[in-house]
Amino acid sequence: MSHRPASGLAAVSAALLAMSRHLEVGDVLKTIVASARDLLDAQYAALGVPDDHGGFAQFVVDGVSDEQWKAIGPLPRQHGILAAMLHQARPERLADVREDPRFGGWPDAHPDMSDFLGLPITDGDEIIGALFLANKQCPKPEGGCGFTAEDEELLATLAQHAAIALTNARLYERSRELTIAEERTRLAHELHDAVSQKLFSLRLTAQAAAALVDRDPDRAKGELHQVANLAAEAVDELRAAVVELRPAALDEDGLVATLRTQIQVLDRAHDASVTFGSSGVRALPASQEEALLRVAQEALHNALRHSGAAHVRVTLTRDGPATVLRVTDDGGGFDPTAVRRAGRHLGLVSMRHRAKSVGGRLTVVSEPGEGATIEMEVPGG
Ligand SMILES: Nc1ncnc2c1ncn2[C@@H]1O[C@H](COP(=O)(O)OP(=O)(O)OP(=O)(O)O)[C@@H](O)[C@H]1O
Ligand SMILES: [Mg+2]
């Protein structure tokens, strides 16, 4: 009995729709094979995607049970008829594959096959796979129907669409890999900016507490409370970075208040005086506020860690339609062009990246002996 739906066009259309519905390469391959087998009433169907080493990167079958498939053993090499399909770019329609001079016998558990239709799947000049069908199901009990020229045509149409579906699925997987890589970079920056700074402050505060514990236990106690607070904040930041939330304080208090509070804490924790001023700043899009906060944090962190400055000044001002963040220190300065881009130093790279990601610009002005100014400008506001 034929499985083919009443209208050939409806069946082809259903097969094409099924192929385009999937995005993963594996699913696309399975759908192509199942559609081909169904459409041509074949007992067996297979699709092979060649690798570069004379084997198949993927070989998907339909009509063979899982146990049978396992029993057959390793994926076929590209030899005999299979190889021909991948190298000659034209269809092969055979009444009995076993009689073809290229036939080399089956592996032990391989089902026996007679009539055969093979067709390459091409994308331009490139053969990206091949479809194989065997044993056309035959209404006549005595068998021997074989695939027809019409079947071949039908399969050719299917193969053209299979090529598109396969190429799209590959592109989709590639772009998803890229997204994952970007996401990883983002998370690395996030962790660096948020958490490593908190831990650094925490270490300093713990050291201060240790130094005070004999001399001034009360103040040591105060510092230890601060250690606990910083640890709690580090935990929050870590969680926020992981679930991609922005710093909670930004939502609750806004950028100006958040910056002011954080700067007061730094001012108390460090020998350098750290001050903040703002004027005319309006609420900004969430992503810009977050980027400004992170850049301010890293610039402050750098100034306090590397510069030996006595004064660090942070300002947030409106300049026409733009909003400008400036972090200036009167420390030892450095040569921004000499900082190695790769390797351990993530801070400057991360700041540039963040500024750019919200349509802004980062400028670093510094030279040895002249202090440093990090400026970030965003267009909104
Ligand atoms: N305000 C500053 N004053 C003096 N030197 C600075 C200042 N900011 C940065 N630097 C110098 O530039 C280098 C690079 O800074 P960057 O933030 O990229 O990396 P890092 O602070 O060394 O490491 P990370 O930020 O990844 O923990 C620093 O190592 C330091 O030598
Ligand atoms: Mg840094």
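Before reading further, recall that the structure is shown in the block above.
What you are looking at is a predicted structure, and each value in this text was computed from that prediction instead of being measured.

Asker: Can you help me understand the packing of aromatic side chains in this one?
Answerer: Between two aromatic rings, the relevant description is the distance of the centres plus the angle of the planes. Across all of its chains, the model carries five aromatic pairs by this definition. Their ring planes at 25° and their centres at 6.1 Å tell us that F59 and F132 sit as a pair that is stacked. One end of the pair, F59, is in strand β2 (residues 56-62); the other, F132, is in strand β5 (residues 126-136), with 73 residues separating them in the sequence. F132 carries the same exposure label as F59, and that label is buried. Connected via pairs of aromatic rings, a cluster forms that spans F56, F59, W69, F116 and F132. Positioned above the aromatic ring of F200 is the side chain of R305, whose terminal nitrogen or guanidinium carbon lies 5.8 Å from the ring centre.

Asker: What is the right way to read the sheet that holds β2 from this model?
Answerer: What holds strands together in a sheet is hydrogen bonding between their backbones, with the strands either parallel or antiparallel. The antiparallel open sheet is built from five strands, whose spatial order is β2-β1-β5-β4-β3. Here the strands that pair on one side only, and so sit at the sheet edges, are β2 and β3 (92-94). For this sheet, the mean inter-axis angle between neighbouring strands, taken without regard to orientation, is 15°. Where β3 lies against strand β4 (residues 116-123), three bridges are found, and the strand directions are antiparallel. The partner of R93 across the bridge, within β4, is L117. Against the sheet, helix α2 (residues 25-40) makes contact with β1 (42-50), β2, β4 and β5, and its axis sits at roughly 145° relative to β1, the strand it touches most. The strands touched by helix α4 (residues 80-88) are β1, β2, β3, β4 and β5; relative to β5, the strand with the most contacts, the crossing angle is about 140°.

Asker: Got a minute to help me understand the pairing of strand β8 (residues 322-329) in this structure?
Answerer: Walk down a regular strand and you will see the side chains alternate between the two sheet faces. In terms of burial, β8 is largely enclosed, as six of its eight residues are buried. Sheet topology places strand β7 (residues 311-319) next to β8; eight bridges connect them, and they run antiparallel. Residue pairing in the sheet places L316 in a bridge with L325 of β8. Two successive antiparallel strands, β7 and β8, enclose a turn made up of two residues, where G320 displays a positive phi of approximately 60°. In this sheet, strand β10 (residues 372-378) lies alongside β8 in antiparallel orientation, the contact comprising seven bridges. If you follow V327 over to β10, its bridge partner there is I374.

Asker: Before we go on, may I ask you to explain the coordination of the magnesium ion (ligand 2) in this structure?
Answerer: Every protein donor of the magnesium ion (ligand 2) is listed here as E298 (OE) and N302 (OD1), and their distances to the metal cover 2.1 Å. Of the two residues, E298 and N302 are both situated in helix α8 (residues 286-307); the distance of four residues between them amounts to about one turn of the helix. The same class applies to E298 and to N302, which are both buried.

Asker: It is not clear to me how the pattern of salt bridges should be interpreted in this structure. Could you clarify?
Answerer: When charged atoms on two side chains of opposite charge get close, those side chains can pair. Counted by the stated rule, this structure contains 11 salt bridges. R93 is paired through a salt bridge with E152; the nearest N and O atoms lie 2.7 Å apart. Of this pair, R93 sits in strand β3 while E152 sits in helix α5 (residues 149-212), placing them 59 residues apart in sequence. For R93, a relative accessible area of 38% translates into the label partly exposed. Among the salt bridges present, the one from K136 reaches D151, with a minimum N-O distance of 3.1 Å. One end of the pair, K136, is in strand β5; the other, D151, is in helix α5, with 15 residues separating them in the sequence. K136 sits in the buried class, given a relative accessible area of 17%. Taken together, the shared-partner salt bridges in this structure form one network comprising R90, E92, D100 and R102.

How each quantity is defined
- Residues numbered from 1 in each chain as written.
- Chains lettered and ligands numbered in written order.
- Predicted model: local features only at pLDDT ≥ 70, side-chain atom pairs only at ≥ 80, totals over all residues.
- Heavy atoms only, no water.
- Phe/Tyr/Trp six-rings, centres within 6.5 Å; stacked < 30°, edge-to-face > 60°.
- Helix = DSSP H or I, 4+ residues; strand = E, 2+ residues; numbered from the N terminus.
- Buried < 20%, exposed > 50% of the residue type's maximum accessible area, 1.4 Å probe, protein only.
- Lys NZ or Arg CZ within 6 Å of the ring centre and 35° of its normal.
- Pairing = 2+ DSSP bridges.
- Axes fitted to C-alpha atoms, helices over the stretch in contact; angles between N-to-C directions.
- Contact = heavy atoms within 4.5 Å.
- Donors = N, O, S within 2.8 Å, 3.2 Å for Na, K, Ca; no water.
- Salt bridge = Lys/Arg side-chain N within 4 Å of Asp/Glu carboxyl O.

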